[in-house]
Amino acid sequence: MPRQERAQRTRRLLIAAASASFDQAGFAMTGLNDVIRPTGISKGALYFHFGSKEQLAEAVMAASRDGLREAIRSARHSSDCPLQYLIDLSHGLARRLAEDVVFRAGLRLTEDGALAESLRPNPYPGWALMIDRLLSRAAAREGLRPEVSTAESAALLAAAGAGVETLARRDPDWLSPRMISLLWQALLPALITQERLAGLRTTPVEHERAALPAPGRAHPTGEPPARREPKLPATGRPPQAVPVIRVGQDAPGTPDGRPRIEAGRAVAPGHPAMLADAPEGGSSSRYHGT
């Protein structure tokens, strides 16, 4: 294996192992031995790539931001309707939180008080700003209810998303497509009229022909599919699974933390949320009901 390729592989492996430990134990309780033990990499090789645990945490957060950008790009392809784009993005982020430990760990580190505040930018104001921009575009193109404040609604939606992420640390079912769909079914009537509501899909794009029917509408097959009822969050912390370290293009990811929502707060240039405009397009596409 060429030296450069081997070095990149080692770096990815260290980031994946660190993410698994940061996700389960947090920054303070993670030692460098916890990172190298499951990888078989020497401490000298670790220091070749990262001079300190703080640098390793910064690398995890950077990889997590890459995961956010990827989720944003993927959702852009689903629809040219700003609200549908936002729904699809929420499903994509939930799926990434459930499956990508690097994405999950990076978000947790942004709220980890054991890490210097200067090293952990707060992503939530940027998320609220991104949602505000999407809602403003939706108001201009499709129309929102006249009493809706896009800034206040954006702060509420960002807080709701952060709350789901926090609950999912104890019970991953909060990240299931069904729970995200139920959340949107509860929130959308406050944003748009019933007529416009019928044109939106609250399920993931790959579930267009299945999953939840809209309230009051028959399921397209006549019979709703069998599905598990949502499980309330457990009161105790579930046993931790042994982390599986993956290397390569499917490298893991991690967002985390409790948000402090500040509607309208400026975001530094280059923040991933600044990339998240709704897709440009002429007329909005046709949508299937849920």
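This structure is a prediction, so every number in the text was calculated from the model and none was measured.

Colleague: Could you give me a rundown of the overall build of the chain, with the residues and numbers involved?
Modeller: Tallying secondary structure elements over the chain gives ten helices and zero strands in all. Reading the chain from its N terminus to its C terminus gives the helix and strand order α-α-α-α-α-α-α-α-α-α. Residues classed as buried in the chain amount to 45% of the 290 residues present.

Colleague: Can you lay out the packing of aromatic side chains for me, pointing to particular residues and giving the numbers?
Modeller: As enumerated under the stated definition, the model contains two aromatic pairs in all. Ring plane angle 65° and centroid distance 5.3 Å describe the contact between Y124 and W127, whose orientation is recorded as edge-to-face. In this pair, Y124 and W127 both sit in helix α7 (residues 124-141), three residues apart, roughly one turn of the helix. By the burial criterion, Y124 is buried, and W127 matches it. Lying across the ring of F27, K53 places its NZ or CZ 4.3 Å from the centre.

Colleague: Pulling in residues and values, what's your account of the side chain of D132?
Modeller: Within the fold, D132 resides in helix α7. Buried within the structure, D132 lacks any salt-bridge partner; its nearest side chain of opposite charge belongs to R133, at an N-O separation of 8.4 Å. Apart from the residues lying within four places of it in its own chain, the contact partners of D132 are T150, A151 and A154.

Colleague: Report on helix α6 (residues 101-109), specifying residues and quantitative values.
Modeller: With seven of its nine residues buried, α6 lies for the most part within the structure. Looking only at α6, the buried set comprises V101, V102, F103, A105, G106, L107 and L109. Where α6 is buried, its residues meet α1 (3-25), α4 (53-76), α5 (82-99), α7 and α8 (150-168). The opening residue of α6 is D100, an N-cap whose side-chain oxygen sits 3.2 Å from the backbone nitrogen of V102.

Colleague: Now, about the pattern of salt bridges: what can you tell me, with residues and values included?
Modeller: Enumeration according to the criterion identifies seven salt bridges in this entry. A salt bridge links E70 to R96; the shortest N-O distance between them is 3.2 Å. Note that E70 is positioned in helix α4 and R96 in helix α5, a separation of 26 residues in sequence. You can call E70 partly exposed: its relative accessible area is 39%. Salt-bridge contacts for R96 lead to D100; the nearest nitrogen and oxygen are separated by 3.3 Å.

Colleague: Describe the environment of A151, and please don't skip the residues or the numbers.
Modeller: Along the chain, the position of A151 falls in helix α8. With relative accessibility at 28%, the residue A151 sits in the partly exposed group. When the C-alpha positions of A151 and R133 are compared, they lie 8.7 Å apart, and in sequence the two are 18 residues distant.

Colleague: Please give an account of helix α9 (residues 177-187) that cites residues and values.
Modeller: Residues of α9 that are buried include every one of R178, M179, I180, S181, W184, Q185 and L187, and no others. In the core, the buried residues of α9 are packed alongside α5 and α8.

Colleague: Help me get a handle on the nonpolar core, residues and values and all.
Modeller: Of all hydrophobic cores here, the largest spans 42 residues; its most connected members are L83, L89, I131, L135, L157, L188 and I192. Where this core is concerned, the elements lending two or more residues are α4, α5, α6, α7, α8 and α9. If near-sequence neighbours (up to four positions away) are discounted, I131 is found in contact with L86, A154, L157 and A158. In this structure, L13, I36, V60 and M61 belong to the second largest nonpolar core, which totals 23 residues.

Colleague: Tell me about the packing of α5 against α7, and please be specific about residues and values.
Modeller: One way to put it is that α5 packs onto α7 with a least axis distance of 8 Å and a crossing angle of 150°. Taken as axis vectors, α5 and α7 run roughly antiparallel relative to one another. Two secondary-structure elements touch here, α5 through P82, L83, Y85, L86 and L89 and α7 through M130, I131, L134, L135, R137, A138 and R141. Of the residues contributing to the contact of α5 with α7, the split by class is ten nonpolar, no polar and two charged.

Colleague: A description of the confidence of the model for the chain should follow, citing residues and the corresponding values.
Modeller: Of all residues in the chain, 71% have pLDDT values of 70 or greater, and the mean over the chain is 78. Mean pLDDT across the elements of the chain ranges from a minimum in helix α10 (residues 194-197), with 90, to a maximum in α9, with 97.

Colleague: Would you mind going over the packing of α4 against α6 in detail, with residue names and values included?
Modeller: Following both chains from N to C, one finds α4 and α6 inclined at 120°, their axes separated by 8 Å at the closest point. With respect to α6, the axis of α4 lies oblique. The handedness of the crossing between α4 and α6 is left-handed. Across from A57, V60, M61, A63, S64, G67 and L68 in α4, the residues of α6 making contact are V102, F103, A105, G106, L107 and L109. Of the residues belonging to the contact of α4 with α6, the class tally is ten nonpolar, three polar and no charged.

Rules used throughout
Residues numbered from 1 in each chain as written. Predicted model: local features only at pLDDT ≥ 70, side-chain atom pairs only at ≥ 80, totals over all residues. Heavy atoms only, no water. Helix = DSSP H or I, 4+ residues; strand = E, 2+ residues; numbered from the N terminus. Buried < 20%, exposed > 50% of the residue type's maximum accessible area, 1.4 Å probe, protein only. Phe/Tyr/Trp six-rings, centres within 6.5 Å; stacked < 30°, edge-to-face > 60°. Lys NZ or Arg CZ within 6 Å of the ring centre and 35° of its normal. Lys, Arg positive; Asp, Glu negative; His and termini not counted. Salt bridge = Lys/Arg side-chain N within 4 Å of Asp/Glu carboxyl O. Contact = heavy atoms within 4.5 Å. Polar contact = N/O pair within 3.5 Å; in protein donor to acceptor, adjacent residues only side chain to side chain. Core = buried A, V, L, I, M, F, W, Y, C linked by side-chain atoms within 4.5 Å. Axes fitted to C-alpha atoms, helices over the stretch in contact; angles between N-to-C directions. Parallel < 35°, antiparallel > 145°, perpendicular 65-115°, else oblique. Nonpolar A, V, L, I, M, F, W, Y, C, P; charged D, E, K, R; others polar. pLDDT = per-residue confidence, 0-100. Left-handed = near helix turned anticlockwise from the far one by under 90°.

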